[in-house]
Every structure is written in C-alpha cells, then in structure tokens.
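Listed below, chain by chain, are the residues.
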Amino acid sequence: MLVILMAWYAWYASTPVLVPYTRPAGDIRRAEGLDLRFLEFDGADGVKVDACIVSMKNQGGETTPRLSRMRDLLRNRGKLSNLERQPGIVLISTTWNHGIENSMNYAESLASAGYTCVLWNSRGRDQVRPYCSYGYYESADVPLLLDAVEKELGDTAPVAAVGQGFGAALLMQSAVREPRIRCVVAMDSFCILKSAIMRAMEDDMGKPTCYAAFWLAELGICTRAGYSSYDVVPVDAARDLTVPAMLVCTDELFFSDMKDTLTLYSAVTSENKVVYNGRADGEPYGTKTREHVQMVEGKKGEKFEERYQIHVYDGEDDLMASVAEWIQDNNRLPKPKVLPGEIPGSTRKI
C-alpha cells in the first residue's frame, strides 16, 4: 500500500513540472498589422513542429494600439536608425504550451521596430510531446528551426534570442551550441530547475516535508520524462555564454527573482552584459539606473557585499523598446578575419 501511495504522489507531484500549461490554443491565423508566414520543420526527435515568421506589414495598412504605441515610442527615443527594416532575425520563446500564440505580444513589439521575429510551438504539432524539459531536449530543435527559416527566407542573418521563463532557459542552453545566435535576452530564468522546484514546494508545505516531496517529484520526472531536474542548469549555460547578454528580472514569475537574475548575470562569460529591472514602488519616474547591493556568503561562511548597476525600465513598452535598441547594438555577425596586407572580401594583396 505504501509503494502504491508513493507512486501516486510521484506522479501527482511531478505533473505540474512536466505539464506546466494546459490552456487551449487560440486562433492566430490572422493578426492586424502583422504579416504571418507559417512553416513546419522536423524536430530533433522527428516530431513535426509548427513555426511562424512575424514581420510588420507595409505602411498604410491596418495596425493595432500596441504597434502604433511602440512605433511612436521608438521614434521619440530616436535610437533605432530604421523602423522599416532591421537586419537580423529574432527568435522569441516564452512558454512551452502554444509558444506561437503566447509569444505574439513580444513579437508584435519587436516587429514594430522592424525586426523579423520567429516563434514556434515547442510541444510539436498537436501537442504531441507530452512533457516539458525546460530546454534540456527542446534546445536541440533550435538549429533545425534556423535551417528551416533560412530556407524559407533565403537569407542567412545574425540571430538574436529573446526568451522569458521557460523560453529564457531554453534559449540560453541553445545559444552555447548554436553559433548563429549572436546575442541573448533572458527574462526571468531560473538558475537550476531543481532549486526552482524546491522553492515552490517549500513555499507550499514548508521545509520539514518539502525534501521528501521533492524526492518523489524527482522520481516521477525521471521515470516519466527521462531526465532529471538536476540536468537543467541554465546557470551552467550562462558560464559558457560568450555572446552579449541582457538579463531581465520582471518580478512576474514566482520561480525567478532578482537573486536568480544576478546569479546568471555574474556567471555570463561575455564582458558585454547588462541587467534590467522594473521601476520600484516609490522610485522617481525617469529613473534610469540604480545600485543594487546583495549580501553573498563565501565558501568558508564569510559574508561580503556585491554591488550591481541595474538599468531601470518603466513598464512593458519601455522594456521592449530597450530590448529592441539593445539588439540593434549587439546583434552582429563576427567581422571576417583579414590577414595583414589583404583587402576584406578579396584575395588581392595591398
């Protein structure tokens, strides 16, 4: 009887981790102000995956309040040189369930800046993949997605990656394997999946019982989905991340907070990195930066202060405008290596 009870609880406790979203998909075959091009590709496991290329329609057509608002904001800021067409592709991933639909708000904001955005459904066509692995398996689809997009567009372009939550964890793991990704915007990523699960369980049931509950949940994850929560470690990917990185804490998701964001920021290998957070209650309007002080415990138990320069945004529009501008500054193909005495793009010597 005890074994049956433990098996049931392992299934019960692992289900919210493995199947985090269950809302039915909506209809996105038409979007005002946007051109949508649908395609499919074969995922790494052979599953058919739906994707969508999103871009701004030509001027003079229909529009939406968000598109109009974002374009006015970007024009007033004056940092983007051309709102009609920005070089490069932006991969956007926010949730595991119905990724195209749920990522459309970010795509709308970035398409208004002239970017070509690419969204996809990580679960595959008809939700055929039953379990979420937070990028452990899904990240293998990203190179195949880029191959399909390049074939569709007939263009090889530098790629920016923008993710939130699940999507941030997925894209950080993808960026260290895929050289076409030239910069990463990671919003609200956890550092280690195991720690995020433990945090949620501790909040629900307290420390005394959460360890046994976690052990059973971990058993359910391994048995049902074939991976361990210890395997999903975005902070390890961050340590291998050499491209520019923008880390964002929106304070919207329960499993990620400013401590996670700063841990990822500190781990990123690239020297070109920034961290953003929303304007705090009581903070003056127009605040652009703040200093954040965090107490850190050393290996021998000693405590010391770490100070961070935080860029402050005021609302989602301000954040997405900052993301659009940051991508323009950091989404670059590497310069070709030229030997001394040679002209770039030529075999002729000077």
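**Let's talk about the overall build of the protein**
Okay, step 1: A count of helices and strands for the protein gives 11 helices and 10 strands.
Okay, step 2: The globule rule puts the C-alpha radius of gyration for 350 residues at 20 Å, and the 22 Å found for the protein is close to it.
Okay, step 3: Overall size of the protein, expressed as C-alpha extent along the three principal axes, is 75 × 50 × 50 Å.
Okay, step 4: Counting only residues that meet the buried cut, the protein has 51% of its 350 residues in that class.

**As for the pairing of strand β8 (residues 273-278)**
Okay, step 1: Counting buried positions along β8 yields five of six residues, so the element is predominantly enclosed.
Okay, step 2: Of the pairings in the sheet, the one linking strand β7 (residues 245-249) to β8 comprises five bridges and is parallel in character. Bridge pairing links L247 to V275 in β8.
Okay, step 3: Here β8 pairs with strand β10 (residues 303-313) via three bridges, running parallel. Paired with N277 across the two strands is V312, which belongs to β10.

**Some thoughts on the pattern of salt bridges**
Opposite charge on two side chains permits them to pair, given that their charged atoms come into close proximity.
Okay, step 1: Taken as a whole and assessed by the stated rule, the structure comprises 23 salt bridges.
Okay, step 2: Among the ionic contacts, a cluster of salt bridges with common partners joins E40, D42, K48, D50 and R125.

**Regarding the sheet that holds β7**
Okay, step 1: The strand order β1-β2-β4-β3-β5-β6-β7-β8-β10-β9 describes an open sheet built from 10 strands, whose pairing is mixed. The open sheet is flanked by β1 (34-42) and β9 (289-297), the only strands paired with a single partner. When strand polarity is set aside, the average angle formed by the axes of neighbouring strands in this sheet is 25°.
Okay, step 2: In terms of strand pairing, strand β2 (residues 48-56) meets strand β4 (residues 116-120) through four bridges, oriented antiparallel. By the bridge assignment, A51 is partnered in β4 with W120.
Okay, step 3: Along the sheet, helix α10 (residues 258-267) makes contact with β7, β8, β9 and β10, crossing β8 at roughly 170°.

**A closer look at the side chain of N277**
Okay, step 1: Topologically, N277 is positioned in strand β8.
Okay, step 2: Setting aside its immediate chain neighbours within four residues, N277 contacts C249, D251, M258, R290, I310, H311, V312 and Y313.

**A word on the nonpolar core**
Okay, step 1: In terms of nonpolar packing, the biggest core is built from 67 residues, with L91, W120, Y134 and V184 touching the most fellow members.
Okay, step 2: In terms of residue count, helix α6 (residues 166-175) provides more of this core than any other element does, seven residues in total.
Okay, step 3: What L91 contacts, discounting residues up to four positions off in sequence, is V118, W120, V142, L145, L146, V159, A160, A161, V162 and L171.
Okay, step 4: In this structure, L74, Y276, M320 and A321 belong to the second largest nonpolar core, which totals 39 residues.

**Examining the packing of aromatic side chains**
Okay, step 1: Inspection of every chain in the model, using the stated rule, returns 12 aromatic pairs.
Okay, step 2: Measuring from centroid to centroid gives 6.0 Å for Y134 and F190, while their planes differ by 75°, and the two rings are edge-to-face. Of this pair, Y134 sits in the loop between β4 and α5 (141-153) while F190 sits in the loop between β6 (181-187) and α7 (193-205); the two residues are 56 residues apart in sequence, bridging distant segments of the chain. This pair shows no difference in class: Y134 is buried, exactly as F190 is.
Okay, step 3: Where F254 meets F255, the ring centres are 5.3 Å apart and the plane angle is 80°; that geometry is what we call edge-to-face.

**Details of a nonpolar patch on the surface**
Okay, step 1: A cluster of nonpolar residues, L2, L5, M6, W8, W11, Y12, W215 and L219, forms a patch on the protein surface that exposes about 900 Å² of accessible area.
Okay, step 2: Of all elements in the fold, only α1 (2-18) and α8 (207-225) reach the threshold of two or more residues within the nonpolar patch.
Okay, step 3: It is α1 that contributes the most residues to the nonpolar patch, six residues altogether.
Okay, step 4: With respect to the secondary-structure elements, M6 resides in helix α1.
Okay, step 5: Relative accessible area serves as the criterion here: at 31%, M6 is assigned to the partly exposed category.

**Here's the deal with α1**
Okay, step 1: In a regular helix each residue adds 1.5 Å, so 17 residues correspond to 24 Å; α1 covers 24 Å between its end C-alpha atoms and thus fits that length.
Okay, step 2: Among the structural elements, α7 and α8 are those in contact with the buried residues of α1.

**Observations regarding the environment of S270**
Okay, step 1: Summarising the element assignment, S270 is placed in the loop between α10 and β8.
Okay, step 2: The sequence separation of S270 and S93 amounts to 177 residues, and the corresponding C-alpha distance is 22 Å.
Okay, step 3: Beyond its immediate sequence surroundings of up to four residues, S270 is in contact with L241, T242, V243 and P244.
Okay, step 4: A distance of 3.0 Å separates a polar atom in the side chain of S270 from the backbone nitrogen of N272.

The rules behind each value
- Residues numbered from 1 in each chain as written.
- Predicted model: local features only at pLDDT ≥ 70, side-chain atom pairs only at ≥ 80, totals over all residues.
- Heavy atoms only, no water.
- Helix = DSSP H or I, 4+ residues; strand = E, 2+ residues; numbered from the N terminus.
- Rg over C-alpha atoms; globule rule 2.2 N^0.38 Å.
- Buried < 20%, exposed > 50% of the residue type's maximum accessible area, 1.4 Å probe, protein only.
- Pairing = 2+ DSSP bridges.
- Salt bridge = Lys/Arg side-chain N within 4 Å of Asp/Glu carboxyl O.
- Axes fitted to C-alpha atoms, helices over the stretch in contact; angles between N-to-C directions.
- Contact = heavy atoms within 4.5 Å.
- Core = buried A, V, L, I, M, F, W, Y, C linked by side-chain atoms within 4.5 Å.
- Phe/Tyr/Trp six-rings, centres within 6.5 Å; stacked < 30°, edge-to-face > 60°.
- Patch = residues over 30% accessible without salt bridge, like charges linked within 9 Å, V, L, I, M, F, W, Y side chains within 5 Å.
- Areas by Shrake-Rupley, 256 points an atom, 1.4 Å probe, with all protein chains shown as cover.
- Expected span 1.5 Å × (residues − 1).
- Polar contact = N/O pair within 3.5 Å; in protein donor to acceptor, adjacent residues only side chain to side chain.

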